[in-house]
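Breakdown of the fold
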Amino acid sequence: MDKVVAIGLRAKTGRAIAVVLGGSADNPVVITKLELPLTDPKVPATFQPYHEVMDLPWDQSQKAVRTYTRAIEAVARKGLAGLIKKLRTDGFNVKAVGIVGAKDRDLAHIGNYHIRAHAAEGVLFRRVLDLAAEANGLKWRAFADKEFEKIVASELGQKAESVKRKLNEISRVVPAPWRADEKQAATAAWLVLHG
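The structure reproduced in this document is the subject of the present report. (Residues numbered from 1 in each chain as written. Predicted model: local features only at pLDDT ≥ 70, side-chain atom pairs only at ≥ 80, totals over all residues. Heavy atoms only, no water.)

1. A closer look at the overall build of the chain
Along the backbone of the chain there are seven helices and five strands. Each helix (α) and strand (β) of the chain, taken in turn from the N terminus, gives the series β-β-β-α-α-α-β-α-β-α-α-α. For 195 residues, the compact-globule estimate of 2.2 N^0.38 gives 16 Å, and the C-alpha radius of gyration of the chain, at 17 Å, lies within 12% of that figure. Principal-axis analysis of the C-alpha atoms places the extent of the chain at approximately 50 × 35 × 30 Å. Carbon and sulfur atoms make up 51% of the accessible area of the chain, which totals about 9900 Å². (Helix = DSSP H or I, 4+ residues; strand = E, 2+ residues; numbered from the N terminus. Rg over C-alpha atoms; globule rule 2.2 N^0.38 Å. Areas by Shrake-Rupley, 256 points an atom, 1.4 Å probe, with all protein chains shown as cover.)

See the structure below:
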């Protein structure tokens, strides 16, 4: 088996679904799948940091949340470093990281504080994965979750259905769960490994 792999990450609030994919373009192999925590249990506000400051005006909440975001960034950086170290110890060469999550956007116009807090956390938990990949010296690419299917279809053309079918078939050989999140992470890994 080729020892070059890619890590696919699906950002979620407080965690990331990780799928490490190797193998050829026509025969992808899941090396491992796991969940990376993106919160610090010693700092409870890292679980939903924008909820902690959602009653503040947007510009003030941006300043108030910094302590929590720094803690989340540190957890993401260390978690990804641990995964990379384990893969390297097992003889794998990590080529890149593909990250699926909420895209950057202007959130100041969202009037409902609670909806804005959820949107901000979506962007935050994807962004900390970008920073973690960069801090660990890996090439990375972020994919907007709501546009992901269109991106895959656009980049792979007719090959998109074949890749989708192969990644669906993986459910027969990897332990559950193999849900939409795992499939998106695996597809992101495939794209940065073979795209």
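Next comes the rest of the write-up.
2. Description of the pattern of salt bridges
One pass over the full model with this rule turns up 13 salt bridges. Several salt bridges converge on common partners, so that one network encompasses Arg 10, Lys 12, Asp 145 and Asp 181. (Salt bridge = Lys/Arg side-chain N within 4 Å of Asp/Glu carboxyl O.)

3. So, helix α6 (residues 159-169)
When α6 is considered as a whole, its buried residues turn out to be Ala 160, Ser 162, Val 163 and Leu 167. Down the axis, α6 shows its buried residues gathered within 165 degrees of arc, on one side only. Where α6 is buried, its residues touch β2 (15-23), β3 (28-37), α5 (148-156) and α7 (180-194). (Buried < 20%, exposed > 50% of the residue type's maximum accessible area, 1.4 Å probe, protein only. Arc of directions from axis to C-beta. Contact = heavy atoms within 4.5 Å.)

4. Looking at the environment of Val 94
Mapping Val 94 onto the fold places it in strand β4 (residues 93-101). Overall, the relative accessible area of 5% leaves Val 94 in the buried class. C-alpha separation for the pair Val 94 and Ile 84, spaced 10 residues apart in sequence, amounts to 7.1 Å. Setting aside residues up to four positions removed in sequence, Val 94 forms contacts with Val 5, Ile 7, Leu 87 and Leu 138.

5. As for the nonpolar core
With 37 residues, the main nonpolar core has Ile 7, Leu 9 and Tyr 50 as its most contacted residues. Contributions of two or more residues to this core are made by β1 (4-12), β2, α3 (66-89), β4 and α4 (113-135). With 10 residues, the single largest contributor to this core is α4. Ignoring anything within four residues of it in the chain, the contact list for Leu 9 reads Ala 16, Ile 17, Ala 18, Leu 36, Val 97, Gly 98, Ile 99, Val 100, Leu 129 and Ala 185. Counting residues in hydrophobic clusters, the runner-up holds 25 residues, among them Val 152, Ala 185, Ala 186 and Ala 188. (Core = buried A, V, L, I, M, F, W, Y, C linked by side-chain atoms within 4.5 Å.)

6. Examining the packing of α5 against α6
How two helices pack is summed up by the angle between their axes together with the distance between the axes. Where α5 meets α6, the axes come as close as 7 Å, and the angle between the chain directions of the two elements is 120 degrees. Comparing their axes, α6 and α5 come out oblique. Two secondary-structure elements touch here, α5 through Glu 149, Val 152, Ala 153 and Leu 156 and α6 through Lys 159, Ala 160, Val 163 and Lys 164. Grouping the amino acids of the contact of α5 with α6 by side-chain chemistry returns five nonpolar, no polar and three charged. (Axes fitted to C-alpha atoms, helices over the stretch in contact; angles between N-to-C directions. Parallel < 35°, antiparallel > 145°, perpendicular 65-115°, else oblique. Nonpolar A, V, L, I, M, F, W, Y, C, P; charged D, E, K, R; others polar.)

In short, geometric facts, not functional conclusions.
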